[in-house]
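Residue-level structure breakdown
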Amino acid sequence: MKDFPARHLALQGASNFRDLGGYPTADGRITRWRQIFRSNHLGQLTAADIEIVRALGVRSAFDFRGVEERAAGVCVVNEIAVHSLPIEPTVVAALRAELGRGRLTAPVALELMRESYRNYVRHNTASFRNLFGHLLEDRAPLVIHCTAGKDRTGFASALILHALGVSDDVIAEDYLLTNQHYKRDASNVSDLPADVLDAIGNVEASYLAAAFEAVGSEYGDLETYLRDGLELGTPERIALKARYLQS
C-alpha cells in the first residue's frame, strides 16, 4: 500500500494545520499534496513549528482575518509573504447583542453562525475572488487561514475543492475534520455561556450548507457563482486543475 503524506500536521502552536491534497476528483485525478494548506492563524508557532513549515516550503499565506485579529497574531515565519483578504468577524458581537437582550441560547448561536456563512456569499465574495486570483498566479506552496481556520477558511477550502472537481461528500468530510483537530485557545476567557461557546467553537454541516444555500439564492447555482462571483471561467478552471491536480 502506498504511503501518503500526513493530512494533519500536529504543530504545537497551530492545531488545525491541514493539507488539501489527496482528494479524488470527478475526472479521475487527485488534488496535489503539499501545495495548499489550511490552518488556524500562524501567530503562535513555536521554533519547532517554524522549522516544519519552512521544510514544507510554504511561501505564501492568505489571511482572512479582520484588522484587530491580524494585529493580535502576526505571522511569525518571516519568509512567508502574507496577503490580507479581510473578512471582519461578526458573530461574537452578534452573540453579545443577543446576550444583552437576554435571548442568547445555543440554537440562537447556531443560527447566527449560519447567517455569518450566508454573508460570506452576500457580502464577502470579493475576498474569495481575490484568493482565486492569487491561486492562479501560482504562489504555492501556500496556506489559507483565518483565526481558527474553520469558518472563513472552511468556506474558502470548500470553494477550492469544488472548483477542482472534488465531490460534495469529500468536501464535507474535509470541512468537518476541524472538529477533530481544532483546539480553542484556553486563554480566551469569554463572557458567553458554555453551550454557546461549543456552538461557535466547532463546525456543523449546516453552516457550510447555509453558505451554499446563499450561493443558490444569490447566483442560482454553484457553477454560476464560480463563473460570475469568483470569475472562474473555463480557462481559469483548466489552469487551476493543471496546477493543483495530479494524475
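Below is a summary of the structure that appears in this document. (Residues numbered from 1 in each chain as written. Predicted model: local features only at pLDDT ≥ 70, side-chain atom pairs only at ≥ 80, totals over all residues. Heavy atoms only, no water.)

A closer look at the sheet that holds strand S6 (residues 142–145)
In spatial order, the strands read S1-S3-S6-S4-S5; together these five strands make up an open sheet with mixed pairing. Strands with a single pairing partner mark the edges of an open sheet, and in this sheet they are strand S1 (18–19) and strand S5 (81–84). Where strand S4 (residues 60–63) meets S6, four bridges bridge the pair, whose relative direction is parallel. Looking across to S6, one finds that Ala 61 is bridged to Val 143. (Pairing = 2+ DSSP bridges. Helix = DSSP H or I, 4+ residues; strand = E, 2+ residues; numbered from the N terminus.)

Description of the state of the cysteines
This structure, assessed with the given rule, holds zero disulfides. Here Cys 146 stays unpaired: no disulfide links it, and the sulfur of Cys 75, its closest cysteine neighbor, is 14 Å away. Overall, the relative accessible area of 2% leaves Cys 146 in the buried class. (Disulfide = S-S within 2.5 Å. Buried < 20%, exposed > 50% of the residue type's maximum accessible area, 1.4 Å probe, protein only.)

Some remarks on the packing of aromatic side chains
Overall, the coordinates contain ten aromatic pairs when judged by the stated rule. Residues Tyr 117 and Tyr 207 carry aromatic rings whose centres are separated by 5.7 Å and whose planes lie at 40° to one another, so their mutual orientation is tilted. With Tyr 117 in helix H4 (residues 106–123) and Tyr 207 in helix H10 (residues 205–219), this pair connects stretches of sequence that are 90 residues apart. Under the relative-accessibility criterion, Tyr 117 is labelled buried at 0%. On the basis of relative accessible area, Tyr 207 is assigned to the buried category, the value being 0%. One aromatic cluster is present, formed by Phe 64, Tyr 117, Tyr 120, Phe 128, Phe 155, Tyr 175, Tyr 207 and Phe 212 through successive ring pairs. In this structure, Arg 7 packs its charged tip against the face of Tyr 23, placed 3.9 Å from the ring centre. (Phe/Tyr/Trp six-rings, centres within 6.5 Å; stacked < 30°, edge-to-face > 60°. Lys NZ or Arg CZ within 6 Å of the ring centre and 35° of its normal.)

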